Amino acid sequence: MPGKTILFTSGKGGVGKTTSTANIGVALASQDPNINVCMIDMDIGLRNLDIQLGLENRIVYNIVDVVEGACKARQALVKDKRLPNLALLPAAQTRDKSAVSPEQMITLIAELREMFDLILIDSPAGIEQGFYNSVAAADEAIIVSTPEMSAVRDADRVIGLLEAQNRKINCWLVINRLRPAMVQSNDMMGVDDVVEILNIKLLGVIPEDERIIVSTNKGEPLALAKSNKGNGAGQAYQNIALRLTGVEVPLMVFGENENIFVKQFNKLKALIKFS
Amino acid sequence: MSKLNSVILPSIVIDLSKYSSWEEAKAEFKVLIGSKISFWQNTALIIRFADFEFESNNLDELKTLLNESGLTLKEIQSNSIQSWKLIKAAGFQVNKSQEKNSKSSNGIRLIKQFQPSQANLETIVPANAEERKTIYLGLKENISLRAGHLVSYNGNIVIMGDVNPGCQIKATGSIIVYGKLCGSVHAGFGITDEEELTKIFVKALKMGDPLQISIGDYAACSSSESQKKQKMGIFPETAKVIDGRIWRISDFE
């Protein structure tokens, strides 16, 4: 079965692309032991995905070795220590993003598609070479954004760049680090505000959760924690993984007010079309 | 198609087909039109209704609404064939509901075509009012013009969709946005004649923040005060040059 390739991108740095890739990857692999999931760290020179998965110590070869022919893809893949159907293709730490080209990525992904059902690509921040390397072979894109003006502006730019690609790339939105109390007191943008500006389908919302910090430092993704108990970021990541496989899961309720102004505007705007 | 100061306005379909009764459809139509209607003037309107059967007093109410607002209706679309006789008797044109195929992203490809660099607009001679052409973005499917997009055209630009902050639009003519307008728009680029400039305008269903509007050599920006007073629903406004300043005129009450 040809592997579907999903790109995690954002434009802005530090909004949660790597955390989301790690958590959604382990959630997908743990929910269905029959599918093979591969995660690729495209942040060459500043690799982080291996730390978040706790696989830092097990890296021998990396993606630059593979595209340069120093080793085969299979040799560079690091099997996850908890889940047998999950693997990581690490980035290089001693090189930079010019070490790989979009054409090389297309060839590499084509090879990986034979081995895996799902390939998750963790794109670096920015819109330069690293971004274009990651976009080269992606089928779908998950835009990660926090509910902040700067993050939303950058996400909008990135969506514009994705829409301008030669092929249709389905874009999904994940809103990360939401604080429902701040939304209610009007100090933070709400889900409606972000979706109204970005105008792409919402895949999920992750609330701000201190346990994420602990989990990233330990290298144990929160989505696997047994203490999730139906709320918090870990559960939200599990829900997103379920939605990606086609299961309908309602959005977690955070007790925030709906933005009625935005809803009214969108409702009326939807009535008007060109003839 | 009808004209407004040399901008050829497209016919607009108001799609009320998800309101299954006349009362619901009428209520939504009233909110959309508002009591002060200059935004919709000179626009050929087509209203698409759901398949409910019309009663003659419904059509009388519609006529009153249209008269009060000074609007003309080009056509009513309804799949309830039983109502057609009644609609025609009331003096309206009627047709079947035609759903456009909205699968293509024509709007985006159109942007790529009309993305000449800034240098082009600065070196060309702007077309005068009679010869000015209009391009339409978002015809098949509403588009969102995103941060980093640059649209420039020697003529008028009509956009069906939103313009996000960080987007730049330059036109030698007028600009109309059927959606929320943010970013930086420059209408009447290269026009210096004051008389000509009074005919150039920027219209939007909602003027957002941050927004920089330039008409000819005049420039203005939105104040961040406006963000605190969020208005309900749509709030159409027109920006024009009057007495050496850009004014925002509300087309809504």
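What you are looking at is a predicted structure, and each value in this text was computed from that prediction instead of being measured.

K.L.:
Even after reading the chapter, I still don't get the overall build of chain A, so can you show me in this structure?
P.N.:
Counting its regular elements, chain A contains twelve helices and nine strands. Computed over the C-alpha atoms, the radius of gyration of chain A is 19 Å, within 12% of the 19 Å expected from 2.2 N^0.38 for a compact globule of 275 residues. Judged by the C-alpha coordinates and their principal axes, chain A covers about 60 × 50 × 35 Å. Relative to its full complement of 275 residues, chain A shows a buried share of 57%. Looking at chain A alone, contacts between residues at least 24 apart form 77% of all its contacts between residues at least 6 apart. Carbon and sulfur atoms make up 50% of the accessible area of chain A, which totals about 11800 Å². Between the averaged position of the 29 positive side-chain charges in chain A and that of its 32 negative side-chain charges there is a distance of 2 Å.

K.L.:
What is the right way to look at the overall build of chain B in this model?
P.N.:
Each helix and strand in chain B was counted, giving seven helices and 17 strands. Split into buried and exposed, the 253 residues of chain B put 54% on the buried side. In chain B, of all internal contacts separated by at least 6 residues, the share reaching a separation of at least 24 is 58%. Only carbon and sulfur atoms are counted for the fraction: they give 49% of the accessible area of chain B, which is about 11700 Å².

K.L.:
Would you mind going over the pattern of salt bridges with me for this structure?
P.N.:
A side chain of one charge can pair with a side chain of the opposite charge when the charged atoms of the two come close. All names here are of chain A. Scanning all chains against the criterion turns up 16 salt bridges over all chains. Linking Glu208 and Arg179 is a salt bridge whose minimum nitrogen-to-oxygen distance equals 3.7 Å. With Glu208 in the loop between strand E8 (201–207) and helix H10 (210–218) and Arg179 in the loop between strand E7 (170–178) and helix H8 (180–184), this residue pair connects regions lying 29 residues apart in the sequence. Classification of Glu208 as partly exposed rests on a relative accessible area of 30%.

K.L.:
Whenever I open this one, helix H11 (residues 232–244) of chain A confuses me. Can you help?
P.N.:
Note: α-helices contain 3.6 residues per turn, so residues at a spacing of three or four share the same orientation. Residues and elements named next belong to chain A. Here H11 is 13 residues long and its end C-alpha atoms lie 19 Å apart, about the 18 Å a rise of 1.5 Å per residue gives. Across the 13 residues of H11, eleven count as buried, placing the element largely inside the fold. Listing the buried residues of H11 in full gives Gly232, Ala233, Gly234, Ala236, Tyr237, Gln238, Asn239, Ile240, Ala241, Arg243 and Leu244. Buried residues along H11 sit in contact with strand E1 (4–9), helix H1 (17–31), strand E6 (140–145), E7, E8 and H10. Looking one or two places after H11, you find Gly246, whose phi comes out positive at around 100°.

K.L.:
Just to check I follow, could you spell out the confidence of the model for chain B for this structure?
P.N.:
Detailed reading of predicted coordinates is not advised where the pLDDT is low. Residue and element names in this part refer to chain B. Here chain B averages 80 in pLDDT, while 83% of its residues score no lower than 70. By mean pLDDT, the top-scoring element of chain B is strand E13 (residues 175–187) (93), and the lowest-scoring one is helix H4 (residues 106–113) (50). Contacts from residues 101–106, a stretch scored under 50 in pLDDT, to residues over four places away or in other chains number eight contacts.

K.L.:
So what exactly am I meant to see when it comes to the domain arrangement of chain B here?
P.N.:
How big an interface is tends to be stated in terms of accessible area lost as the parts join. Residues and elements named next belong to chain B. Assigned domains within chain B: domain 1 (2–95) and domain 2 (106–250). Each partner contributes to the interface: domain 1 provides 14 residues, whereas domain 2 provides 20 residues. In this structure, the connection of domain 1 to domain 2 is made through zero salt bridges. No other element matches the three residues that strand E2 (residues 7–9) contributes to the side of domain 1 that touches domain 2. Of the residues contributing to the side of domain 1 that touches domain 2, the split by class is nine nonpolar, four polar and one charged.

K.L.:
Explanation requested: the nonpolar core in the structure shown.
P.N.:
Soluble, globular proteins show a tendency: their nonpolar side chains are buried together. Core analysis: the largest hydrophobic core is formed by 54 residues, its most contacted members being Ile40, Ile63, Leu89, Leu108, Leu112 and Leu162 of chain A. Top contributing element to this core by residue count: helix H7 (residues 149–163) of chain A, with six residues. Ile40 of chain A has contacts with Leu49, Ile63, Leu89, Ile109, Leu112, Ile119, Leu120, Ile121 and Asp122 of chain A, leaving out every residue within four places of it along the chain. Leu4, Phe29, Ile47 and Phe54 of chain B belong to the second-largest nonpolar core, a separate cluster that totals 44 residues.

K.L.:
Which parts of the structure should I look at to understand the packing of aromatic side chains?
P.N.:
For any two aromatic rings, the description comes down to two numbers: the centre-to-centre distance and the angle of the planes. All names here are of chain B. As enumerated under the stated definition, the model contains six aromatic pairs over all chains in all. Judged by centre distance (6.0 Å) and plane angle (70°), the ring pair of Phe49 and Phe52 falls under edge-to-face. Judged by its relative accessible area of 2%, Phe49 is buried. Accessibility expressed as a relative area gives 11% for Phe52, which makes it buried. Members of the aromatic cluster, joined through ring pairs, are Trp22, Phe49, Phe52 and Phe54.

What counts, and at which threshold
Residues numbered from 1 in each chain as written. Chains lettered and ligands numbered in written order. Predicted model: local features only at pLDDT ≥ 70, side-chain atom pairs only at ≥ 80, totals over all residues. Heavy atoms only, no water. Helix = DSSP H or I, 4+ residues; strand = E, 2+ residues; numbered from the N terminus. Rg over C-alpha atoms; globule rule 2.2 N^0.38 Å. Buried < 20%, exposed > 50% of the residue type's maximum accessible area, 1.4 Å probe, protein only. Contact = heavy atoms within 4.5 Å. Areas by Shrake-Rupley, 256 points an atom, 1.4 Å probe, with all protein chains shown as cover. Lys, Arg positive; Asp, Glu negative; His and termini not counted. Charge placed at Lys NZ, Arg CZ, Asp CG, Glu CD. Salt bridge = Lys/Arg side-chain N within 4 Å of Asp/Glu carboxyl O. Expected span 1.5 Å × (residues − 1). pLDDT = per-residue confidence, 0-100. Domains from an automatic or database assignment. Nonpolar A, V, L, I, M, F, W, Y, C, P; charged D, E, K, R; others polar. Core = buried A, V, L, I, M, F, W, Y, C linked by side-chain atoms within 4.5 Å. Phe/Tyr/Trp six-rings, centres within 6.5 Å; stacked < 30°, edge-to-face > 60°.

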